[in-house]
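# Architecture at a glance
Each chain, letter by letter, is given below.
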Amino acid sequence: MLKIAMPEPGKGPFHGGIGESQFSSFLIEQHATAIASRIDLKLDSRLEAPNG
């Protein structure tokens, strides 16, 4: 999902060229890891069966 949401590499004097396109997948993975570590969907409490 992040790959679709990330902006396209820019054109012009400040674009990263071939290096930017080669390593963009690593950047997307790092963004996804950072987001996942900060979001708590509370799935563990939903999976626990009620005692009783």
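Residues numbered from 1 in each chain as written. Predicted model: local features only at pLDDT ≥ 70, side-chain atom pairs only at ≥ 80, totals over all residues. Heavy atoms only, no water.

### Details of the overall build of the protein chain
As a reminder of what qualifies: Comment: elements are numbered from the N terminus, with helices defined as DSSP H or I runs of at least four residues and strands as E runs of at least two.
Helices and strands together make up the secondary structure of the protein chain, namely three helices and zero strands. Along the protein chain, helices and strands appear, N-terminal first, in the series α-α-α.

### Some thoughts on the confidence of the model for the protein chain
Let me state the cut-off plainly: A score between 0 and 100, pLDDT records how confident the predictor is in each residue.
Per-residue confidence for the protein chain gives a mean pLDDT of 78, with 88% of residues at or over 70. Confidence, read as mean pLDDT per element, is least for helix H3 (residues 43–47) in the protein chain (76) and greatest for helix H2 (residues 17–38) (85).

### Some words on the packing of aromatic side chains
Cut-off, in case you're wondering: Under the pairing criterion, centres of Phe, Tyr and Trp rings, with the six-membered ring standing for Trp, must be within 6.5 Å; the plane angle then separates stacked pairs below 30 degrees from edge-to-face pairs above 60, leaving the rest tilted. Relative accessible area decides the class of each residue, using a 1.4 Å probe on protein chains only: under 20% of the type maximum gives buried, over 50% gives exposed, and in between gives partly exposed.
Counting across every chain of the model gives one aromatic pair. Arranged with centres 5.7 Å apart and planes meeting at 35°, the rings of Phe 23 and Phe 26 form a pair that is tilted. One end of the pair, Phe 23, and the other, Phe 26, are both in helix H2, three residues apart, so they sit about a helical turn from each other. Residue class for Phe 26 comes out partly exposed when judged on its relative accessible area of 49%.

### Some points on H2
Threshold: Helices are assigned an expected span. That span is 1.5 Å times one less than the residue count. Two axes enter the definition of the bend at a residue: one is fitted to the seven residues ending there, the other to the seven starting there, and the bend is the angle between them.
Between its first and last C-alpha, H2 extends 31 Å over 22 residues, near the 32 Å set by a 1.5 Å rise per residue. Residue Phe 23 marks the point of greatest curvature in H2, where the axis turns by about 45°.

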